[in-house]
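# Chains, contacts and geometry: an overview
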Amino acid sequence: MQLVITTYLDRNADDFESRLDQVVPVALDAAAERVSTRAQAAVTTRSSHAMVVRGGLDLLEGTEVAWEGIDGLTAVRFVVPWDDSDHISADRLLAANRFAQTFSSAMRAAA
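Residues numbered from 1 in each chain as written. Predicted model: local features only at pLDDT ≥ 70, side-chain atom pairs only at ≥ 80, totals over all residues. Heavy atoms only, no water.

## Section: the sheet that holds strand S5 (residues 73–81)
Strand order in the open sheet formed by five strands is S1-S5-S4-S3-S2, and the pairing between neighbours is antiparallel. Two strands close off the open sheet at either side, each with one partner strand: strand S1 (2–9) and strand S2 (43–47). Pairwise comparison of adjacent strand axes, ignoring direction, gives a mean angle of 20° for this sheet. Where strand S3 (residues 50–55) lies against strand S4 (residues 64–70), three bridges are found, and the strand directions are antiparallel. Note on S4: the bridge partner recorded for Met51 is Val65. Its contacts with the sheet put helix H1 (residues 16–34) on S1, S2, S3, S4 and S5, and the angle it makes with S2 is roughly 155°. Sheet strands in contact with helix H2 (residues 89–109) are S1, S3, S4 and S5, and its direction is about 20° off that of S1. (Pairing = 2+ DSSP bridges. Helix = DSSP H or I, 4+ residues; strand = E, 2+ residues; numbered from the N terminus. Axes fitted to C-alpha atoms, helices over the stretch in contact; angles between N-to-C directions. Contact = heavy atoms within 4.5 Å.)

Structural data, given as structure tokens:
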């Protein structure tokens, strides 16, 4: 099962790759703060128009972020691995929402 969060930004999809190094750590820190923990150094794997969180916050490990768009409008999709039996699902939901919100806001504001 997966938790999927989708947002839309008034940015070109091609600009995202160059901004990831500054945006991902900020988003992980915000997510960690939301669930009263600390993020570690961000670790991601990347491909064209996508990335996967491999380290930085255990709750979000395996989260895929993909983006695509045209003419200055980009859809960003956050896919968080989910397990119904997960005893930390409330914290995972809070962290995922904060990560997506902060990632989107930071990507929008990045110059």
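## Some details on the pairing of S2
Relative to S3, S2 runs antiparallel, the two sharing five bridges. The residue bridging Thr45 from the neighbouring strand is Val52, located in S3. Linking S2 back to S3 in an antiparallel pair, the connection comprises two residues, with His49 at a positive phi of about 65°.

## A look at the pairing of S1
Because side chains alternate across S1, one face comprises the buried residues Leu3, Ile5, Thr7 and Leu9, and the other comprises Gln2, Val4, Thr6 and Tyr8, none of which is buried. With eight bridges joining them, S1 and S5 adopt antiparallel strand pairing. Within S5, the position partnered with Val4 by the bridge is Val79. (Buried < 20%, exposed > 50% of the residue type's maximum accessible area, 1.4 Å probe, protein only.)

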